Amino acid sequence: MLFKHKDNQKIKLHVDLGDLQNEKEHLISFLQLHLKVAVSEVGDKVAVDAENVPMHELLHAVNKFVYHRDLNATHWVSVEGSTVKINRFKGTDKKKEAHKKEPPHQSATQSWGL
């Protein structure tokens, strides 16, 4: 009985969206569709019942969500305890500066000709 939990306390797995809070509704509907379980919103995280979904299935579903939304170039998924976290790659938050090319220098024949 050491590792048993009480019936009134259900174990929850959480998904931390990080800087993707605007994707919360899309993630909830995606997880409900693919995992076929009730998914709820808890503060800035999304909660899934751990009795019906193993951690590896939740990780796989969140990873699939990141790929389906074309976020895989800027974000990656990790596990921290009972939380699946969507992280942003370092360096992707800055806009890349466009490198302007200088016009080519005139050669000697171009500068002497009319």
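Up top is the structure these notes are about.
On a predicted model such as this, the values are computed, not experimentally measured, just so you know.

A. Structural view of the pairing of strand β2 (residues 39–42). Pairing analysis gives four bridges linking β2 to strand β3 (residues 45–49), with the strands arranged antiparallel. Its bridge partner lying in β3, Val 39 is registered against Val 48. Counting the residues that bridge the hairpin from β2 to β3 gives two residues, and of these Gly 43 lies at a positive phi of roughly 65°.

B. Up close: the side chain of Asn 87. Residue placement: Asn 87 occurs in strand β5 (residues 83–88). Of the residues examined, Asn 87 reaches a relative accessible area of 11% and is grouped as buried. For Asn 87, the side chain forms a polar contact with the side chain of Ser 78, separated by 2.8 Å. Among residues more than four places away in sequence, those in contact with Asn 87 are Thr 74, His 75, Trp 76, Val 77 and Ser 78.

C. Representation of the sheet that holds strand β4 (residues 75–80). Across the sheet, five strands lie side by side as β2-β3-β1-β5-β4; this open sheet has mixed pairing. The open sheet has two edge strands with one neighbour each: β2 and β4. Taken over all neighbouring pairs, the strand axes of this sheet differ in orientation by 25° on average, direction set aside. Taken together, the six bridges between β4 and β5 define a ladder with antiparallel strand orientation. Within β5, the residue paired with Val 77 across the bridge is Ile 86. In the packing of helix α2 (residues 55–68) onto the sheet, the strands contacted are β1 (12–16), β3, β4 and β5, and the crossing angle to β4 comes to about 165°.

D. Highlighting the pattern of salt bridges. Overall, the coordinates contain three salt bridges when judged by the stated rule. The residue Arg 69 makes a salt bridge to Glu 23 at a minimum N-O spacing of 2.9 Å. Linking Arg 69 in the loop between α2 and β4 with Glu 23 in the loop between β1 and α1 (24–35), this pair joins segments that are 46 residues apart in sequence. When its relative accessible area of 35% is taken as the criterion, Arg 69 is described as partly exposed. Across the salt bridge formed by Glu 41 and Lys 24, the nearest N and O atoms sit 3.5 Å from each other.

E. The arrangement of the environment of Glu 57 in detail. With respect to the helices and strands, Glu 57 occurs in helix α2. On a C-alpha basis, the gap between Glu 57 and Leu 35 in space is 8.0 Å, while along the polypeptide they are 22 residues apart.

What counts, and where the lines are drawn
- As a convention, each chain's residues are numbered from 1 in the sequence order in which they are written.
- The model is predicted, so local features are restricted to residues of pLDDT at least 70 and side-chain atom pairs to those at 80 or more, both for listing and for counting; the totals for chains, interfaces and linings are taken over all residues.
- To get the side-chain values, take all heavy atoms of the structure and skip hydrogens and water.
- Pairing between two strands requires that DSSP report at least two bridges joining them.
- Elements are defined by DSSP. Helices are runs of H or I of four residues or more, strands are runs of E of two residues or more, and each kind is numbered from the N terminus.
- Under the scheme applied here, a residue whose accessible area is under 20% of the maximum for its type counts as buried, over 50% as exposed, and between as partly exposed, the area being computed with a 1.4 Å probe on protein chains only.
- Polar contacts, as used here, are pairs of N or O atoms within 3.5 Å; protein pairs need one atom able to donate a hydrogen and one able to accept it. Residues neighboring in sequence count only if both atoms are side-chain atoms.
- Throughout, a residue-residue contact means that at least one pair of heavy atoms, one from each residue, lies within 4.5 Å.
- For helices, the axis comes from a line fit to the C-alpha atoms of the stretch in contact; other axes are also lines fit to C-alpha atoms, and the angle between any two N-to-C directions lies between 0 and 180 degrees.
- Salt bridges, as used here, are contacts in which a Lys or Arg side-chain nitrogen is within 4 Å of a carboxyl oxygen on Asp or Glu.

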